[in-house]
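Overview (structure and organization)
So you can see what is in the structure, the chains are spelled out below.
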Amino acid sequence: MKPRDDLHRLIQTLSKSEKRSFKLFAERYSKKEGNNYLKLFAAIEKQKEYDEGKLLRKFDGDALARNFASTKYQLSNLIIKNLCTQQAGKSVDSELREQQECIDVLTARGLTDLARRSIDKARQLAERYDKHLVLHELLARELTMMLSWQTSNIEQEIERISRSQQSAMTKLSNEAAYEQLLAKITALQKIYPRRDRNAEHQSSLDNILLHPLLQHENRALSFKAKDYFYRIKALGSIINGDRVGEYHFHKQLIELWDSNQAMTQAFPDRKKIALINFLNSCFNLERFNEIEPILQRIRSLPSNSLRDEHKTAGRLYFIDLLYCLHYGLFQRGLNLVAEIEAYLQQHSNKLPSSGIITLHFNVTILWFLQGDYSQTLAWLEKILALTQTELRKDIQEFARILLLIVHWELGNSDLLDSLIRSAYRYLHRRDQLDGFERNVLFYLHKVSNSRAEDERKRHFAALKHELEQIDRSATTGKILGLTEVLFWLESKLQDCSISELYMQKIAEREERSSEQTDNSESDSAEVCHPAALNENHS
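Residues numbered from 1 in each chain as written. Predicted model: local features only at pLDDT ≥ 70, side-chain atom pairs only at ≥ 80, totals over all residues. Heavy atoms only, no water.

Check the secondary structure of the protein and you find 26 helices and 0 strands. By the burial criterion, 49% of the 538 residues in the protein qualify as buried. Summarising the internal contacts of the protein: among those between residues at least 6 apart in sequence, 68% fall at separations of at least 24. Accessible surface, the protein as shown: approximately 26,700 Å² in total, 48% of it carbon and sulfur. (Helix = DSSP H or I, 4+ residues; strand = E, 2+ residues; numbered from the N terminus. Buried < 20%, exposed > 50% of the residue type's maximum accessible area, 1.4 Å probe, protein only. Contact = heavy atoms within 4.5 Å. Areas by Shrake-Rupley, 256 points an atom, 1.4 Å probe, with all protein chains shown as cover.)

Okay, the confidence of the model for the protein next. Confidence in the prediction of the protein, expressed as mean pLDDT, is 84, and 88% of residues score 70 or more. When the elements of the protein are averaged for pLDDT, helix 17 (residues 306–327) gives the smallest value, 78, and helix 13 (residues 243–258) the largest, 96. Low confidence marks residues 520–529, where pLDDT is under 50. Its contacts with residues over four positions away, or in another chain, come to 30 contacts. When the criterion is pLDDT under 50, residues 532–538 qualifies, and its contacts beyond four places in sequence or with other chains add up to 37 contacts. (pLDDT = per-residue confidence, 0-100.)

Turning our eyes to something else, we now look at a positive patch on the surface. On the surface, Lys 46, Lys 54, Arg 57 and Lys 58 cluster together into a patch of positive charge. Examining the composition of the positive patch, we find that 3 residues originate from one element, helix 4 (residues 52–58), more than from any other. With respect to the secondary-structure elements, Arg 57 resides in helix 4. (Patch = residues over 30% accessible without salt bridge, like charges linked within 9 Å, V, L, I, M, F, W, Y side chains within 5 Å. Salt bridge = Lys/Arg side-chain N within 4 Å of Asp/Glu carboxyl O. Lys, Arg positive; Asp, Glu negative; His and termini not counted. Charge placed at Lys NZ, Arg CZ, Asp CG, Glu CD.)

Viewed as axis vectors pointing N to C, helix 7 (residues 92–108) and helix 8 (residues 112–128) meet at an angle of 165°, and their least axial separation amounts to 9 Å. It follows from the interaxial angle that helix 7 and helix 8 lie roughly antiparallel. As helix 7 packs across helix 8, the resulting crossing turns out to be left-handed. Note on element contacts: helix 8 touches helix 7 through Leu 114, Ala 115, Ser 118, Ile 119, Lys 121, Ala 122, Leu 125 and Ala 126, opposite Val 92, Glu 95, Leu 96, Gln 99, Cys 102, Ile 103, Leu 106 and Thr 107. Grouping the amino acids of the contact of helix 7 with helix 8 by side-chain chemistry returns 11 nonpolar, 3 polar and 2 charged. (Axes fitted to C-alpha atoms, helices over the stretch in contact; angles between N-to-C directions. Parallel < 35°, antiparallel > 145°, perpendicular 65-115°, else oblique. Left-handed = near helix turned anticlockwise from the far one by under 90°. Nonpolar A, V, L, I, M, F, W, Y, C, P; charged D, E, K, R; others polar.)

What follows concerns the pattern of salt bridges. Applying the stated rule across the entire model yields 26 salt bridges. Measuring nitrogen to oxygen at the nearest pair gives 3.4 Å for the salt bridge that ties Arg 116 to Glu 142. Taken together, the residues span a long stretch of sequence, with Arg 116 in helix 8 and Glu 142 in helix 9 (residues 132–146) at a distance of 26 residues. Among the residues examined, Arg 116 registers a relative accessible area of 27% and is labelled partly exposed. Note that Arg 123 is salt-bridged to Asp 120, the shortest N-O span being 2.8 Å. One end of the pair is Arg 123 and the other is Asp 120, both in helix 8 and 3 residues apart, which spans about a single turn.

Below, the discussion takes up the side chain of Ser 76. Of note, Ser 76 is situated in helix 6 (residues 68–87). Ser 76 gets classed as buried once you look at its relative accessible area, which sits at 19%. Setting aside residues no more than four positions away along its own chain, Ser 76 makes contact with Leu 7 and Leu 10.

Let us now look at helix 21 (residues 393–409). Its 17 residues place the ends of helix 21 25 Å apart at the C-alpha level, agreeing with the 24 Å of an ideal helix rising 1.5 Å per residue. Taking burial as the measure, the 17 residues of helix 21 include 16 buried ones, the bulk of the element. (Expected span 1.5 Å × (residues − 1).)

This part covers the nonpolar core. By size, the foremost hydrophobic cluster in this structure holds 67 residues, and its most contacted members are Leu 467 and Trp 488. If near-sequence neighbours (up to four positions away) are discounted, Leu 467 is found in contact with Phe 436, Asn 439, Val 440, Leu 482, Val 485, Leu 486 and Leu 489. By size, the runner-up hydrophobic cluster in this structure holds 66 residues, among which are Ala 122, Tyr 228, Phe 267 and Leu 285. (Core = buried A, V, L, I, M, F, W, Y, C linked by side-chain atoms within 4.5 Å.)

Under the 1.5 Å per step criterion, the end-to-end length of helix 20 (residues 373–384) is 16 Å for 12 residues, consistent within 8% with the ideal 16 Å. The opening residue of helix 20, the one whose side-chain oxygen lies 3.4 Å from the backbone nitrogen of Ser 374, is Asp 372. (Polar contact = N/O pair within 3.5 Å; in protein donor to acceptor, adjacent residues only side chain to side chain.)

Glancing now at the environment of His 250. You can see His 250 is positioned in helix 13. A polar contact of 3.4 Å, which involves the side chain of His 250, links it to the backbone oxygen of Asn 277.

Along the polypeptide, Ile 273 turns up in helix 15 (residues 268–284). By relative accessible area, which is 4% here, Ile 273 ends up buried. With 35 residues separating them along the chain, Ile 273 and Asp 308 place their C-alpha atoms 9.1 Å apart.

Before going further, it helps to spend a moment on unusual backbone geometry. In the Ramachandran plot, Asp 130 falls in the positive-phi region, its phi being about 60° despite a non-glycine side chain. For Asp 130, the location among the structural elements is in the loop between helix 8 and helix 9. The buried category is assigned to Asp 130, whose relative accessible area is 11%. The backbone of Asp 495 shows a phi angle near 55°, a positive value even though the residue is not glycine. Asp 495 gets classed as exposed once you look at its relative accessible area, which sits at 58%.

The structure is reproduced here in C-alpha cells:
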C-alpha cells in the first residue's frame, strides 16, 4: 500500500510566515537538540513529491525512524494546532467559537450575569453574519439560564427567545433549500457541456428554475439566501445562453454585497468571486468600459485564506488572457503566459482542477490564434493529460477536435486518420458526437485524403458552410471552439494566417464599435469566445 502523503500536502500549503511560526511553536515541545518534529518537518518540506522510503533511509539508526509513524502523526497535529492558533479571532466563526468557550467558562464558575453578557455579544455577532445555527444554540443557552433566575417577566422573555429561535431555524431552513438548488444547478453547469442539451438535461434545469423559491428575491430571508438566489439565477442564464440575464443577476449580486459592508469585510473572497463573475458578464456583453473599475475593486479587496487567494489569482490570469484575446494583444499575452507557467509550476496544487483546465485552454487558444501550432500542441497536451477530472468536459472534448487541426497545420497528415478514429471513439463513448464534431471529423478526413489544393479548399468551404448553419441554429449560446474553427477555416480559404485574419476582424469590430452610441450586444460571430470563467464559490 502506498504511504499516505497527507502530511506532505499539508506542509506544502504553508506560507513562509506560517512555516516560521510553526518552527517557533514546535520548539516549545522539545528544547533539546535535534527536535524530531523540526527534523522531520525540514526533510518533508524539501521533497517535491512525497517519498517515505527516502525519509526512512535518511533517518536510519535515528530514534526518529523507530517512532516514524508516531512522529508523523504528532507533527501533523502540531501544524494544525498552530494554524488554528494563528486563525483565532481572524474570522467570524473563530470569534464565535471563542465567545462560546468564554460562556462555558463563566457558566461553570456560576458567573451567569457575565455569561449572559457574553451571550448577548455573541448573539449580535451571529445575527449580523447570518450564523443562524449558532444563534439558535446561544438562545437555547440563554433560555436555560433564565429558568434559574427570579424575574417578574420570565414568560415574556421565554416568548421572545422562542420567537427568535423559530426565526433562526426558519432562515436556516430557507438557506439550506437555496444551497441545495445551487448545488444542483452547479452540477448541471459543470458536468454537461454548454451546448444544445437533450430533453432530460433541459428538464432538470427547468425544474430548478421553476422552483417557488426562485420566483422572487423576497423569498430569500437572509443575506446568504439572497446571495444564493442571485447566483442560481445567473447560472441559469449562463446555461441557457442568456447573456443579458447573466449580466443582470450578477450586477444585482454585486449591489447586494455593496449594501452590506459588514459581510464584505468578513468575507472579502466571496465578494471577489462575485466581482469576477460579473466581470465575465461584462466581457460577454462587450461592456468594456466597466472592466477596468471592476479590476481595481477586485485587487483592492484582501484575502482571508491562501486557498481563496490562489483561486482569485488564477481567475485574474483568466481575465487578463481574455482581455489580450479580445484586443489581439498577443505580445502582452505571451508575457502573461510565461508568468502563468511559473505560477502553475509553484501553485498548481492549490488551484481547483476546473480552474487549471480553463487556464490551460485559454492559453491554448492564445497560441492558436497567433498561429503558433507547436505551442498550441504543447498546451493541448497539458489539457489531454488531465484525465482524472470530469469537470469542464466541453474543454476536454473540443481539445480532441483542435488536436486534429493542429496536427494538420504541423504537417502530420500521416497521423490524422488514426487521430480522427481515436477522437471519434472518445466522443462517441461520451455521447458527444453532435453536428459540430461529426462535420469536423468528416471533412478533416476528406481533407487529409485530398491531394489537390482546390479539392481541399472545397472541403474547407463545405465545412465552413455546415458550421455556420450549426452556429445560427444553436439555441443555448455558443458551442465551445466553434468560433475558433470558423476563424481557422476562413484563413484557409483566404490564404492568410489565422493571426492576420484575427487582427483584421478585431479592427473591423473596433471600427463598428466606434460608430455605435449604445452598448448593444455586437455580432458574436465576429468575436472570439474562449472558455468562460464562471465558477461559483461556496
